[in-house]
Amino acid sequence: MFQFDGQDRRRQEDQMRAEGRLPPGQALTQKFPVLHYGPVPAFNPATWDFRVWGEVEEEKRWDWNEFNQLPRTKIEMDIHCVTRWSKFNTVWEGVSVKALIENGFFKIKSTATHVMQHAEYGFTVNLPLEVVLQDTFLLATHLNGEALTPEHGYPLRGVVGFMAGREDLETPYFWKGAKWVRALEFMSQDKRGFWEQAGYHNRGDVWREERFG
Ligand SMILES: Nc1nc2c(c(=O)[nH]1)N[C@H]1C(S)=C(S)[C@@H](COP(=O)(O)O)O[C@H]1N2
Ligand SMILES: [Mo]
């Protein structure tokens with residue numbers, strides 16, 4: 001709304017643009033819009049689990065209690081939604097896939113090239129393996145020090161974004177993180193996820209404005 005599009009928002013947006021952090025076609029938001037297909041799932045800690053399967057040496061499964069004992073990582077990122085809002089300096093906390101593999105919590109096969117995030121209700125989203133292993137991809141439980149809200153993915157979601165100073169890393173749009181994620185499938189070839197099958201770009205690079213395929 002125009003009357004809420006205040007000086008403060010525009011000043012921050014100008015600053016991000018000046019710092020080279022506002023991707024083409026994006027606008028800074030101070031809110032956190034909610035976007036997804038279908039209903040918000042209920043969380044039951046007694047039945048919830050998280051699995052890794054596919055091109056792994058051994059499938060693994062963690063229940064909610066076990067998942068919360070995995071090593072934790074905190075990162076600060078800018079997130080960029082394909083619907084043209086960007087949110088800067090968001091602090092995410094959770095489990096890094098790279099750290100899990102480096103610390104021997106599971107092993108992937110050399111044949112793994114892509115990863116499918118599987119979420120509640122059969123929602124899927126695909127990424128190249130190297131993006132999932134970047135420091136900018138996290139299985140997140142917390143945002144800005146607080147547990148995720150149900151509509152933003154509680155108890156666990158994939159997140160991917162842009163880390164200032166890490167221009168070497170690929171930055172996909174925010175849809176490439178599955179809310180209510182329950183598994184990672186390591187794959188020996190690429191396969192399109194839910195929105196990618198619906199016409200979103202397969203890679204979704206923010207800086208190249210790869211919005212629709
Ligand atoms: N499970 C699930 N995750 C999802 C989606 C979805 O439909 N289902 N939509 C994606 C899309 S299109 C976007 S833009 C982001 C939005 O995340 P947010 O609601 O926290 O802003 O979630 C992504 N993750
Ligand atoms: Mo989206």
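Just above, that's the structure.
Keep in mind it's a predicted model, so treat the numbers as computed, not measured.

A.B. asks: Quick question: what am I supposed to make of the layout of surface pockets here?
C.D. replies: Any empty space left between atoms is shown by rolling a water-sized probe over those atoms. Taken as a whole, the largest pocket spans an internal volume of roughly 480 Å³. Taken together, 28 residues make up the lining of the largest pocket; nearest its centre are Leu35, His36, Tyr37, Phe123 and Trp195. In the lining of the largest pocket, the residues fall into 19 nonpolar, 6 polar and 3 charged.

A.B. asks: Would you mind showing me how to read the site of ligand 1 here?
C.D. replies: In the vicinity of ligand 1 there are 19 residues, among which Pro33, Tyr37, His152, Arg157 and Lys179 approach most closely. Leu35 places a polar main-chain atom, nitrogen or oxygen, 2.8 Å from an oxygen atom of ligand 1. Within the contact set of ligand 1, an oxygen atom lies 2.8 Å away from a backbone nitrogen or oxygen of Tyr37. For ligand 1, whose free accessible area comes to 530 Å², the fraction covered by protein is 98%. When atoms are counted within 2 Å of each cavity's grid points, the one that captures over half of ligand 1 is the largest pocket.

A.B. asks: Mind showing me how you'd approach the pattern of salt bridges here?
C.D. replies: Once their charged atoms are close, side chains differing in charge can pair, the charge on each being opposite to the other. Counting across every chain of the model gives 18 salt bridges. Here the residues in one salt-bridge network are Arg9, Glu13, Asp14 and Arg17, joined through shared partners.

How each quantity is defined
Residues numbered from 1 in each chain as written. Chains lettered and ligands numbered in written order. Predicted model: local features only at pLDDT ≥ 70, side-chain atom pairs only at ≥ 80, totals over all residues. Heavy atoms only, no water. 1 Å grid on protein atoms, 1.4 Å probe; cavity = no way out; pocket = protein on both sides within 12 Å on 5 of 7 lines; lining within 4 Å. Points joined across faces, edges and corners; volume = space filled by probe spheres on them. Nonpolar A, V, L, I, M, F, W, Y, C, P; charged D, E, K, R; others polar. Near = heavy atom within 4 Å. Polar contact = N/O pair within 3.5 Å; in protein donor to acceptor, adjacent residues only side chain to side chain. Areas by Shrake-Rupley, 256 points an atom, 1.4 Å probe, with all protein chains shown as cover. Sits in = over half its atoms within 2 Å of the grid points. Salt bridge = Lys/Arg side-chain N within 4 Å of Asp/Glu carboxyl O.

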